[in-house]
Amino acid sequence: MIERALGAAGLVLLIASAVALMVRPRRSPRLADVGLAIGAGLLGIAVGLVVAYRPQPSSTRAAAPAVAPQPSEPALVGYVGSRLLLQFPIDDEYPTRSAAANVFDWYALRNSINYVPAAGEKLDKPQNRLLKLLTDVSWSWLIVVVFDRPTQYSRIQVNFAGGQLPFYQITRQNPRYAVIHVQGRVPAGEMDIATSP
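Residues numbered from 1 in each chain as written. Predicted model: local features only at pLDDT ≥ 70, side-chain atom pairs only at ≥ 80, totals over all residues. Heavy atoms only, no water.

1. With respect to the nonpolar core
Okay, step 1: Ranked by internal contacts, the top residues of the largest apolar core, which has 20 residues, are Phe 88, Ile 143, Val 182, Met 191 and Ile 193.
Okay, step 2: Top element by residues in this core is strand β4 (residues 140-147). It accounts for four residues.
Okay, step 3: Aside from chain neighbours lying at most four places away, what touches Phe 88 is Glu 93, Pro 95, Trp 141, Ile 143, Phe 160, Val 186, Pro 187, Ala 188, Gly 189 and Met 191. (Core = buried A, V, L, I, M, F, W, Y, C linked by side-chain atoms within 4.5 Å. Buried < 20%, exposed > 50% of the residue type's maximum accessible area, 1.4 Å probe, protein only. Helix = DSSP H or I, 4+ residues; strand = E, 2+ residues; numbered from the N terminus. Contact = heavy atoms within 4.5 Å.)

2. Some thoughts on the pairing of strand β5 (residues 155-161)
Okay, step 1: Of the two faces of β5, only the one carrying Ile 156, Val 158 and Phe 160 is buried; Arg 155, Gln 157, Asn 159 and Ala 161 on the other face are not.
Okay, step 2: In the sheet, β5 pairs with strand β8 (residues 189-196) via seven bridges, with the strands oriented antiparallel. The residue of β8 that forms the bridge with Ile 156 is Thr 195. (Pairing = 2+ DSSP bridges.)

3. Remarks on the sheet that holds strand β3 (residues 103-111)
For sheets, the rule is that strands pair by backbone hydrogen bonds, running either parallel or antiparallel.
Okay, step 1: Taken in spatial order, the four strands of this open sheet run β3-β4-β7-β6, and their pairing is antiparallel. A strand with exactly one partner marks an edge of an open sheet, and here the two such strands are β3 and β6 (168-173). Here the average twist between neighbouring strands, direction ignored, is 15°.
Okay, step 2: Here β4 pairs with strand β7 (residues 177-183) via seven bridges, running antiparallel. Residue pairing across strands places Val 144 opposite Val 179, the latter belonging to β7. (Axes fitted to C-alpha atoms, helices over the stretch in contact; angles between N-to-C directions.)

4. Focus: the sheet that holds strand β1 (residues 83-88)
Okay, step 1: Pairing is antiparallel across the open sheet formed by four strands, whose spatial order is β2-β1-β8-β5. A single partner strand is all that each edge strand has here, and the edge strands are β2 (96-101) and β5. Looking at each pair of strands side by side, their axes are set apart by 15° on average, direction ignored.

5. What about the side chain of Asn 102?
Okay, step 1: Position of Asn 102 relative to the elements: it lies in the loop between β2 and β3.
Okay, step 2: There is a polar contact of 2.8 Å between the side chain of Asn 102 and the side chain of Ser 82.
Okay, step 3: Filtering out sequence-adjacent residues up to four positions away, Asn 102 remains in contact with Val 80, Gly 81, Ser 82, Val 146, Phe 147, Asp 148, Arg 149 and Thr 151. (Polar contact = N/O pair within 3.5 Å; in protein donor to acceptor, adjacent residues only side chain to side chain.)

6. Digging into the packing of aromatic side chains
Okay, step 1: This structure, assessed with the given rule, holds four aromatic pairs.
Okay, step 2: Geometrically, the ring pair formed by Tyr 94 and Trp 141 is edge-to-face, given 5.5 Å between the ring centres and 85° between the ring planes. Of this pair, Tyr 94 sits in the loop between β1 and β2 while Trp 141 sits in strand β4, placing them 47 residues apart in sequence.
Okay, step 3: Classification of Trp 141 by relative accessible area gives buried; the value is 1%. (Phe/Tyr/Trp six-rings, centres within 6.5 Å; stacked < 30°, edge-to-face > 60°.)

Put into structure tokens, the structure is as follows:
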């Protein structure tokens, strides 16, 4: 009830001040400004009270069935054996999955710089040899493994069959995923990424 009275008073004060300003603009401009400000304030308070005390929907309407709140993180079951076998082909192509356990998804991102000398250019200059060396070193792979079910593991083991695996490091890991960074070219062979309890 009070919001209606405030709204009506604010509206009357706004209209009266606007009329006074238009009828006699030189006689009382300061009084009209004060009246406009107070009227706008009262009208704003009334609108705020109306919005705040808006009646809630009646309980006679059919209520939607209650949905049990879902936990944001599912409870960890403990250790779940997880393994991903990637087959790396010849010529630095992207790997293919040969086997997986508890792996929802994975991807391998190759970052490389390829230097191709111009026709007739020789690599006998020192700067050209240095550039060729830098392009060989600039290769890297980023392998991301997303587990199907969260798992509590103590470490991730990376083994490689088919050649010497370059330096690698597990850059990120948690019960849901692991990120492995391999610095250098991966030779043809099979990479085995497995968790251990």
